[in-house]
Amino acid sequence: MARTETDILIAGGGIAGLTAALTFGRAGFRVVLVSPEPPVTEGDADGSDLRSTAFLQPAKVLFEQIGLWDDLAGTATPLNVLRVVDTVGWPPQIRDSREFQATDLGERSFGWNLMNWRVLQGLARTLNGLDNVVLRFGTSFASMVARDAGAIVQLSSGDSVAAKLVVAADGRNSAVRETAGIGVKTTRYGQKTLAFVVGHSKPHANVSTEIYNEGGPFTLVPLPDLDGQPASAVVWMNPGARAEELAAMDWVAFEARMSERSCYILGPLHLKSERRLWPIISQRAERLAAPRVAVMAEAAHVIPPIGAQGLNTSLNDLVLLRDLALMAGREGLGGDDMLERYDRTRGADIRKRVRAIDAFNRITRSPNPQVQMLRLAGMKAAHDLGGLRRAIMKAGMGH
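The rules behind each value
- Along each chain, residue indices are assigned from 1 in the same order as the chain's sequence is written.
- In view of the model being predicted, local features appear only for residues whose pLDDT reaches at least 70, and side-chain atom pairs are presented and counted only at 80 or more, with totals across whole chains, interfaces and linings using the full set of residues.
- Side-chain figures throughout are based on the complete set of non-hydrogen atoms in the structure, without hydrogens or water.
- Each helix is a run of H or I in the DSSP string that is no shorter than four residues. Each strand is a run of E no shorter than two, and both are numbered from the N terminus.
- Here's how the labels work: a residue is buried when its accessible area is under 20% of the maximum for its type, exposed when over 50%, partly exposed in between, all with a 1.4 Å probe on protein chains only.
- Any two residues whose heavy atoms approach within 4.5 Å at even a single point are treated as in contact.
- Lines are fitted to the C-alpha atoms to define the axes, a helix being fitted only along its stretch in contact, and any angle between axes, read from their N-to-C directions, falls within 0 to 180 degrees.
- Relative orientations are named as follows: roughly parallel for angles under 35 degrees, roughly antiparallel for angles over 145 degrees, roughly perpendicular for angles from 65 to 115 degrees, and oblique for any other angle.
- By convention the crossing between two helices is left-handed if the near helix lies anticlockwise of the far one by an angle smaller than a right angle, and right-handed if it lies clockwise.
- Here a strand pair is declared whenever DSSP counts at least two bridges between the two strands.
- The directions considered for the arc are those from the helix axis to the C-beta atoms.
- Here a polar contact is taken to be a pair of N or O atoms separated by no more than 3.5 Å, where protein atoms must pair a possible hydrogen donor with a possible acceptor and residues adjacent in sequence count only if both atoms sit in side chains.

Engineer: Lay out unusual backbone geometry with the relevant residues and their values.
Structural biologist: Note that the residue after Trp90, namely Pro91, is joined by a cis bond; omega there is -5°. On the secondary structure map, Pro91 appears in the loop between β5 (81-88) and β6 (93-101). Of note in the backbone geometry, Asn206 takes a positive phi value of approximately 60° without being a glycine. By the element assignment, Asn206 lies in the loop between β12 (184-200) and β13 (207-212). The exposure class of Asn206 is partly exposed, given its relative accessible area of 21%. In this structure, Tyr264 is a non-glycine residue whose phi angle is positive, near 55°. On the secondary structure map, Tyr264 appears in the loop between α7 (251-261) and β16 (269-271). Among the residues examined, Tyr264 registers a relative accessible area of 40% and is labelled partly exposed.

This is how it looks when you write it as C-alpha cells:
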C-alpha cells in the first residue's frame, strides 16, 4: 500500500476540519485531510446541516485571512443586536426583555449568521485547487503510531501517511482522541434541539432573539430573505421526548406551536425547511494534546448551542494552533513544546466556557419558579450593570 508524507494530517471533514485544512494550507504547510464522507454542500440534499452558526468577529478575521470570506459574504447576515426575552407558562407570557448592542463594544455587528451547509459549500470551493492540500474523502483514520520525528497514520483504505502533526477534528466521538488515550468528561442533559428555517411577516432588523422558557431557549437568528419574505434560522431546545414529539408533528400543528413559543415577536412563523434533531450534551477532553496529536473543535469540547460558543470556540483552537505551528516551523511542528503550550492555553479557556454554558443551560431550562426568578434577575443584572454587560459581551466574543 502507498505511503504519503505530509506536514499535517487532519482527521475530520466538517466545518472545523475543512477550515483547518484551508488555514494550514494558506500558512504554507502540506496538508492531508481524511474523512469518511464528503461534505454536503446543498441545503436541500439528504444529510445537509440545516443549523446555522453566528460567526463572531474573530471568526470573520480568520475567514478573511484564509480567503474564505469573499465566498461567504453575500449570504452572511449581520447580527447587530442580541435581544433576550424571559417568558413563563404556556402559552408563554413575556415578563421582561433586554437588548445587547454591538455598538457598546465599538462594533457595528457582533458577528454574521450563515447556514452551516453554505459554509461547507464555501470551504469546498475555496479549497479546490489548493495544491498543498489533499482531500481524501471516503477514507478515515484507522490507527496511529507516534514517534520522535512524527506519526505514522494508517487509513481505512490500507494506505498510510507520515505526518509531523495529527489534528483531531473528527467530532465528539473522535477516533484520533481515543487512539491517543485521551478521555472525556461528558454531561448529558436529556435535551435535544430542533434546527430549521422559518419565514415571518415582520423584519428581523438584524436582531438575534433568544426567548427563555422551561426546557431551554428558542432562538431566532437572522438570515437573508427567502421567497421575498424575512427569514430566520431557529434553534429550539427541549427535553428529548418533547423535541421528538415536536419533530413528528404535522406541518400545520408545528407551525402553530412554534409561533406560540416565539410569542409572535416576528409574527406567525412559517416552516421553510425540514426539521432536524440534535442531541444536547456538554463534553470536554481531559487534555488537548498527546505525542504528535492536537485535539480541537468537537473532539476537544462540545458545548450546548447557547451564545454562539460552539464553532467559534473551535476556531479559537485553530487560530492558536496555526500561530504555534508557524512559530515552531517545520522542524518544531508537532513537537512537545508546541503541543504543551497549546494544551495549557486553550485548555484554560475551554474549561471556563464549558462550565459557564453548562450553568447557563441548567438555569435557563429549569421549570422551578425560584430558578426562573433567578434567570430573570440574572438577565437584568447582565444588561443593566454597564461594566458587567460589556465584560460578558467581550467574553462571549472570545476576548
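After that view, the rundown keeps rolling.
Engineer: Describe the environment of Phe254, with residues and values.
Structural biologist: The topology assignment puts Phe254 in helix α7. Residue classification places Phe254 among the buried residues on the basis of a relative accessible area of 0%. As for Phe254 and Leu271, which are separated by 17 residues in sequence, their C-alpha atoms are 8.5 Å apart. Those residues in contact with Phe254 that lie beyond four places of it in its chain are Leu194, Phe196, Trp236, Leu246, Met249, Leu271 and Arg275.

Engineer: A description of the packing of helix α2 (residues 57-65) against helix α8 (residues 310-332) should follow, citing residues and the corresponding values.
Structural biologist: Two numbers describe how α2 lies on α8: the axes approach to 10 Å, and their chain directions differ by 50°. Considering the angle they form, α2 stands oblique to α8. For the pair α2 and α8, the crossing hand works out as left-handed. Where α2 approaches α8, its residues Pro58, Ala59, Leu62, Phe63 and Gln65 are matched on the opposing element by Asn312, Leu315, Asn316, Leu318, Val319 and Arg322.

Engineer: Describe the sheet that holds strand β4 (residues 77-79), and please don't skip the residues or the numbers.
Structural biologist: Spatial strand order, β3-β7-β4: three strands in an open sheet with antiparallel pairing. Of all strands in the sheet, those bounded by a partner on one side alone are β3 (52-56) and β4. Each strand axis lies, on average, 35° off the axis of its neighbour in the sheet, ignoring direction. Relative to strand β7 (residues 111-115), β4 runs antiparallel, the two sharing three bridges. Its bridge partner being in β7, Leu79 is matched across the sheet by Gly111. Contacts from helix α4 (residues 116-127) reach β3 and β7 within the one sheet, and its direction differs from that of β7 by about 90°.

Engineer: Before we move on, could you go through the pairing of β12 and cite the residues and values that matter?
Structural biologist: Taken together, the ten bridges between β12 and strand β17 (residues 276-285) define a ladder with antiparallel strand orientation. Within β17, the residue paired with Arg188 across the bridge is Ile281. Pairing of β12 with strand β15 (residues 229-239) involves nine bridges; the strand directions are antiparallel. Bridged to Lys192 within β15 is Asn238. Inspection of the sheet shows β12 paired to β16 by three bridges, in the antiparallel sense. Residue pairing in the sheet places His200 in a bridge with Leu269 of β16.

Engineer: Could you give an account of α7, naming the residues involved and the relevant values?
Structural biologist: Buried within α7 are the following residues: Phe254, Glu255, Met258, Ser259 and Arg261. Take α7 and look down its axis: the buried residues cluster within an arc of 155°, on one side only. Taking the backbone nitrogen of Val252 as reference, a side-chain oxygen 3.1 Å away marks Asp250 as the first, capping residue of α7. Just downstream of α7, Cys263 is the residue with a positive phi angle, here 60°.

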